[in-house]
Amino acid sequence: MLTEKYRPDKLSAYVGQKSAVEDFVKWMRDWKPGKGVVLHGPPGVGKTTLVYAFARENNIDLIETNASDLRSSKELSETMSSAVSQKSLFNRGKIFLFDEVDGISGYEDKGGVGEMIRIVESSKYPVVMIANDPYSKKLYELRKRADMVAFRKLTVWDVMKRLQLIADAERVFVSRDYIHDIAKKSGGDMRSAINDLELVCRSVKPTVEDMRHSGLREREVSIFDAMGALFKATSARMARDSIGNVDKEPDEIFWWIENNITGEYEDPEEVAKAYDMLSRADVFRNRIRSRQNWKFLAYMIDMMTGGVAVSKKAPYRKYVRYQYPQNIAIMGRTKGSRAATKEVFSIMTKELHCSSRKIKWEMLPYLRIMAKEDGFRGGLEKEMKLEEGALDFLA
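The model shown is predicted, which means the values in this text are computed figures rather than measured ones.

As for the packing of aromatic side chains
Each pair of aromatic rings is reported with the distance of its centres and the angle of its planes.
(1) Moving on: Using the criterion set out here, one finds ten aromatic pairs in the structure.
(2) Moving on: Consider the rings of Phe231 and Tyr265, whose centres lie 5.7 Å apart with planes at 85 degrees: the pair is edge-to-face. Taken together, the residues Phe231 in helix H11 (residues 223–232) and Tyr265 in the loop between helix H13 (250–264) and helix H14 (268–291) connect sequence positions 34 residues apart. Assigned by exposure class, Phe231 and Tyr265 land together as buried.
(3) Moving on: The ring of Phe296 is capped by Arg287, whose NZ or CZ atom sits 5.9 Å from the centre of that ring.
(4) Moving on: A cation sits over an aromatic face here: Lys318 above Tyr316, 5.2 Å from the ring centre.

What follows is the structure in structure tokens.
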């Protein structure tokens, strides 16, 4: 891929983000144990690339992991805790790079965030963290242990400069107008712009007509940008279009909107009207689930986007830090325990000859009461052929 082939291996080849580069280089030179750094900004603007370029130029080992893939403190500890205190094999410096820290679970007192804080405080090497939304509530304590370096969207000219360099290196003629079109429609995302250029570079013999009519793919929009566009929209159509390129299911977007209405709207009348529109969307949402009638999806989306957007008298001209839905965060934190409970219920259904739904809704309240009696849980686990401690969740 051209994105990897032309990834800068030194800072002089890095395009744009002058202020961010200066701040990061200064932070690395002044680094002291116990302090991390968070690089934050939109996707594709060079956050990870900057760390790679600095490490290669300075002959430093780079150890990278995706923090959101290691959601629990146990996973983070087992994967990284020993590494941050071990010397490099060739006695070189090291940088630990954690991507998507805003996707990690838990708060400072538990879960992955707590372990992330311990890693920053105990590491003998610089710890660099990357986030699209570093101002999430759960990262509050982590931000106290880190400096912040902001990245902006790249300009059209920054993107064009890099695309032209790649086209020249590949010895492929690409018209300046086409390069300008790619750069303009990239929305400041260098990675996706290079991927679009690759469509032309991989052609055997690209013509001017190919370049003129080749379809530029739709750009994926972050949920934070989509929320801003939706709440600031001045028409129902604009609001609906705002979520068109978001890589999330409508059901999840519903909860994002629900969680951020009061952060955007200030007038109680507007808030009430927005929630009224959302409640109507929820009616259709539940009809989809209960009847499996997906024709209702269009009505649900119209109500939760256009209905909420036109509830305001005029767009608010203020900056809002859109928050991650709390119910989704809780579901993420309890995923392991819910999976274990589901497995227990599946075993009990075979022994009791009934559905797991019947156990959950009709038997579980009584099982919880009986579980308070000494020895009940142990006896039931033995009777149901369950592992010891499998029914501890009843207590």
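And the narrative resumes.
Focus: the packing of H11 against H13
(1) Moving on: Two numbers describe how H11 lies on H13: the axes approach to 11 Å, and their chain directions differ by 60 degrees. Taken together, H11 and H13 sit at an angle that is classed as oblique. In this structure, H11 meets H13 at a crossing whose hand is right-handed. On the side of H11, the interface is formed by Ile223, Phe224, Met227, Leu230, Phe231 and Lys232, while H13 contributes Ile253, Trp256, Ile257, Asn260, Ile261 and Glu264.
(2) Moving on: Considered class by class, the residues forming the contact of H11 with H13 number nine nonpolar, one polar and two charged.

So, unusual backbone geometry
(1) Moving on: Unusually for a residue other than glycine, Asn59 sits at a positive phi of about 55 degrees.
(2) Moving on: Summarising the element assignment, Asn59 is placed in the loop between helix H3 (47–57) and strand E2 (61–66).

Some thoughts on the pairing of strand E4 (residues 127–131)
(1) Moving on: Within E4, five of the five residues are buried, leaving the element largely enclosed by the surrounding structure.
(2) Moving on: Across four bridges, the pairing between strand E1 (residues 36–40) and E4 is parallel. Bridged to His40 within E4 is Ala131.

Brief notes about the environment of Ile119
(1) Moving on: As for its placement among the helices and strands, Ile119 is situated in helix H5 (residues 111–122).
(2) Moving on: On the accessibility criterion, Ile119 (0% relative accessible area) is buried.

With respect to helix H8 (residues 176–185)
(1) Moving on: Of the positions making up H8, those classed as buried are Tyr178, Ile179, Ile182 and Ala183. Angularly, the buried residues of H8 cover 135 degrees about the axis, an arc narrow enough to put them on a single face. Looking at H8, the residues exposed on the side facing more than 90 degrees away from the buried face are Arg176, Asp177, Lys184 and Lys185.
(2) Moving on: Gly187 lies just past H8 and shows a positive phi near 65 degrees.

A short note on the packing of H13 against H14
(1) Moving on: Where H13 contacts H14, the axes come no closer than 10 Å and their chain directions differ by 165 degrees. Between H13 and H14, the crossing angle belongs to the class labelled roughly antiparallel. Remark: the crossing between H13 and H14 carries left-handed chirality. Two secondary-structure elements touch here, H13 through Asp251, Phe254, Trp255, Ile257, Glu258, Ile261 and Thr262 and H14 through Val271, Ala274, Tyr275, Leu278, Ala281, Asp282 and Arg285.
(2) Moving on: Along the lines of polarity and charge, the residues of the contact of H13 with H14 split into nine nonpolar, one polar and four charged.

Brief notes about the layout of surface pockets
(1) Moving on: Computed from the structure, the second largest pocket encloses a volume of approximately 370 Å³.
(2) Moving on: Lining the second largest pocket are 16 residues, and of these Asn132, Asp133, Phe224, Asp225 and Tyr319 sit closest to its centre.
(3) Moving on: Split by residue class, the lining of the second largest pocket holds nine nonpolar, four polar and three charged.

Digging into the environment of Asp247
(1) Moving on: For Asp247, the location among the structural elements is in the loop between helix H12 (236–242) and H13.
(2) Moving on: With a relative accessible area of 59%, Asp247 lands in the exposed category.
(3) Moving on: Considered as a pair, Asp247 and Ile223 are 24 residues apart in the sequence and their alpha carbons are 8.0 Å apart.

A look at the pattern of salt bridges
(1) Moving on: Taken as a whole, this structure holds 14 salt bridges when the rule is applied.
(2) Moving on: Across the pair Arg145 and Glu121 runs a salt bridge whose closest N-O atoms are separated by 3.0 Å. Taken together, the positions of Arg145 in the loop between helix H6 (140–144) and strand E5 (146–150) and Glu121 in helix H5 put the pair 24 residues apart, joining distant regions of the chain.
(3) Moving on: Taking the shortest distance from any N to any O, the salt bridge between Arg152 and Asp158 comes out at 3.7 Å.
(4) Moving on: Each member of the salt-bridge network shares a partner with another, and the members are Glu121, Glu141, Lys144 and Arg145.

Considerations on helix H18 (residues 356–370)
(1) Moving on: In H18, a bend of some 60 degrees at Met363 exceeds every other bend along the element, and Pro365, a proline, comes one to four places later.
(2) Moving on: Those residues of H18 that sit buried are Ile359, Leu364 and Leu367.
(3) Moving on: In this structure Ser355 caps H18, since a side-chain oxygen of it lies 3.1 Å from the backbone nitrogen of Lys358.

Cut-off values and rules
- Residues numbered from 1 in each chain as written.
- Predicted model: local features only at pLDDT ≥ 70, side-chain atom pairs only at ≥ 80, totals over all residues.
- Heavy atoms only, no water.
- Phe/Tyr/Trp six-rings, centres within 6.5 Å; stacked < 30°, edge-to-face > 60°.
- Helix = DSSP H or I, 4+ residues; strand = E, 2+ residues; numbered from the N terminus.
- Buried < 20%, exposed > 50% of the residue type's maximum accessible area, 1.4 Å probe, protein only.
- Lys NZ or Arg CZ within 6 Å of the ring centre and 35° of its normal.
- Axes fitted to C-alpha atoms, helices over the stretch in contact; angles between N-to-C directions.
- Parallel < 35°, antiparallel > 145°, perpendicular 65-115°, else oblique.
- Left-handed = near helix turned anticlockwise from the far one by under 90°.
- Contact = heavy atoms within 4.5 Å.
- Nonpolar A, V, L, I, M, F, W, Y, C, P; charged D, E, K, R; others polar.
- Pairing = 2+ DSSP bridges.
- Arc of directions from axis to C-beta.
- 1 Å grid on protein atoms, 1.4 Å probe; cavity = no way out; pocket = protein on both sides within 12 Å on 5 of 7 lines; lining within 4 Å.
- Points joined across faces, edges and corners; volume = space filled by probe spheres on them.
- Salt bridge = Lys/Arg side-chain N within 4 Å of Asp/Glu carboxyl O.
- Bend = angle between axes of the 7 residues up to and from the residue.
- Polar contact = N/O pair within 3.5 Å; in protein donor to acceptor, adjacent residues only side chain to side chain.

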